[in-house]
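# Per-entry structural report
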Amino acid sequence: MARYVFITGGVVSSLGKGLASAALGALLQARGFSVRLRKLDPYLNVDPGTMSPFEHGEVFVTDDGAETDLDLGHYERFTGVHARKTDSVSSGRIYSNVLEKERRGDYLGKTIQVIPHVTNEIKDFLHIGEDEVDFMLCEIGGTVGDIEGLPFFEAIRQFIHERPRGECLLMHLTLLPYLAASGELKTKPTQHSVKELQSIGLAPDVLLLRSEHPIPDKEREKIALFCNVRKSAVIAAPDLKTIYDAPLAYHREGLDQAILDAFGISPAPRPNLARWEDVMDRLVNAEGEVRVAIVGKYTQLEDAYKSIAEALTHGGMANRTRVRAEWIDAEIFEREDPAPYLEGFHAILVPGGFGERGTEGKIKAAEFARTRGVPYLGICLGMQMAVIESARDLAGIPDAGSEEFDHEFGKKRFTPVVYHLKEWIQGNHVVARKVSDDKGGTMRLGAYTATLTPGSRVAQIYGATTIEERHRHRYEVDTKYRDKLEKCGLIFSGMSPDGRLPEIVEIPDHPWFIGVQFHPELKSKPFAPHPLFADFIRAAVEVSRLV
Ligand code: GLN
């Protein structure tokens, strides 16, 4: 049976609990243990699929088609363990399950209450897969004391109480603010936050403390004494120049040792940190720099494209070069010539997105890349816009567009080169959708296979002709226009196995122009950069050498 580590946060939000959980997962792996990471989110949305990226950052999609919190992206990037549907749950999902059971009559006429019905539902979730790994790491979203979080904390209290002693522990992440006037790190907010936990029956075994300065011994002792944890379990989480330093930095501070000690695992297996040493070597000792323009819509919030930013960094690591990604609002190109903005970039990326706003600007960016020979990577909507650009400018379909935008405005304005997909094949069954279906979870979601044309650039890049990538979209390029577009030089080099859905387009007669209907960024890891991103950056490095 797995040992459980619950990761909670206090004092302020955005302390990097997801990252700390992911780094701990990586460290336990380095000690030879298998891990699985989970996120429990207190918000009432059933899943983050319908939340704006401005609200919640990127929606991370799993192989099995769940739309989840972006922290699952951190988990995968640090551990390489592919997340599953059962690794993410929200209060909304829990309540929705409970209410569904109530309507079905599963509770046999009982009064439905937070305790025990909601807490039981949470505990059932926690038990899933408990025999599969050595350590289950469960992060609770929000901060202790939030009203919505209470049922989760109560469920954890019960869960720990019901398991044999020594099988669960709680790691609490807080902040030690620095008062410049007195030159001190203040421990009081941490003490209060631990009190808050204690008031609901929980006690931390390990404290991970974010602080801008090293924690003096005196403060460590004070925290240990007042918060009732061992001094050796008071761990500093210093600010880092790069998130990928977290495993090595937290190891130096003694985090993994403290966790193993708290479980009484002795002697602790020695860690093998070679993977992270190599990752850091590639980051720190990179030579040169390439500039990549990301022309998108949600540019004010970097978290909206979290995985893309990380995958670009990984692409740089594969080439031992630094990548400077700059975000440009696509709408600017609807008013102004893109040339002055885009000249000087070594590559252009148009990411995924929803809705018509900004799309004419993205089409301009694709045109600039195509006509100027600048490496172009179009992801999902970015592929659709590249196809529309070629259809308009090369294939003689001046009103080419996507049905998505006609649906949005309720009138027909475009020739639908990109159309609404109503039926497709998943594994060995047919999935059907209507335009009027609910917005939540009704897309083509999760991992699908694509067949690549032997000899195409993408087949060379992947070194394979069958690949599997994650999807999240409703609209699809229409194969009706394939011949026309291929005659103009835009080749459909990746298709669904049944040949009906275009997965990849490329322009062989261009230094590097590829559009993909899926999200390769979701599978890139610092220790295994995604081949498309690695090659995209390689092409950018080549451009940078020419200028
Ligand atoms: N809006 C487009 C679609 O639904 C693209 C989605 C995306 O970029 N993830 O097909």
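Placed above this text is the structure.
What you see is a predicted model; the values in this text were computed from it and never measured. (Residues numbered from 1 in each chain as written. Predicted model: local features only at pLDDT ≥ 70, side-chain atom pairs only at ≥ 80, totals over all residues. Heavy atoms only, no water.)

What follows deals with the overall build of the protein chain. Tallying secondary structure elements over the protein chain gives 20 helices and 25 strands in all. In terms of overall size, the protein chain behaves like a compact globule, its C-alpha atoms giving a radius of gyration of 25 Å where 547 residues would be expected to give roughly 24 Å. Residues classed as buried in the protein chain amount to 57% of the 547 residues present. Partitioning the intrachain contacts of the protein chain with sequence separation of at least 6 by distance along the chain shows that 72% fall at a separation of at least 24. Carbon and sulfur atoms form 50% of the exposed surface of the protein chain, whose accessible area is close to 22,700 Å². (Helix = DSSP H or I, 4+ residues; strand = E, 2+ residues; numbered from the N terminus. Rg over C-alpha atoms; globule rule 2.2 N^0.38 Å. Buried < 20%, exposed > 50% of the residue type's maximum accessible area, 1.4 Å probe, protein only. Contact = heavy atoms within 4.5 Å. Areas by Shrake-Rupley, 256 points an atom, 1.4 Å probe, with all protein chains shown as cover.)

On inspection of all chains with the given rule, the structure shows 44 salt bridges. For arginine 320, the salt bridge identified is with aspartate 281, shortest N-O distance 3.2 Å. Highlighted residues: arginine 320 in the loop between helix 12 (306-318) and strand 13 (322-329) and aspartate 281 in helix 11 (residues 274-284), separated in sequence by 39 residues. A residue is classified by how much of its surface remains accessible, and aspartate 281, at 27% relative accessible area, is partly exposed. Through salt bridges with shared partners, a single ionic network connects Arg36, Arg38, Arg84, Asp87 and Glu132. (Salt bridge = Lys/Arg side-chain N within 4 Å of Asp/Glu carboxyl O.)

Strand order in this open sheet of nine strands is 13-12-14-15-25-24-23-20-21, and the pairing throughout is mixed. At either end of the open sheet lies a strand with only one pairing partner, and these are strand 13 and strand 21 (466-473). If you compare each strand with its neighbour and ignore which way they point, the axes differ by 25° on average. Across three bridges, the pairing between strand 14 (residues 347-350) and strand 15 (residues 376-379) is parallel. Following the sheet pairing, valine 350 is matched in strand 15 by glycine 378. Running over the sheet, helix 16 (residues 381-393) touches strand 14, strand 15, strand 24 (502-506) and strand 25 (513-516) and is turned about 115° from strand 15. (Pairing = 2+ DSSP bridges. Axes fitted to C-alpha atoms, helices over the stretch in contact; angles between N-to-C directions.)

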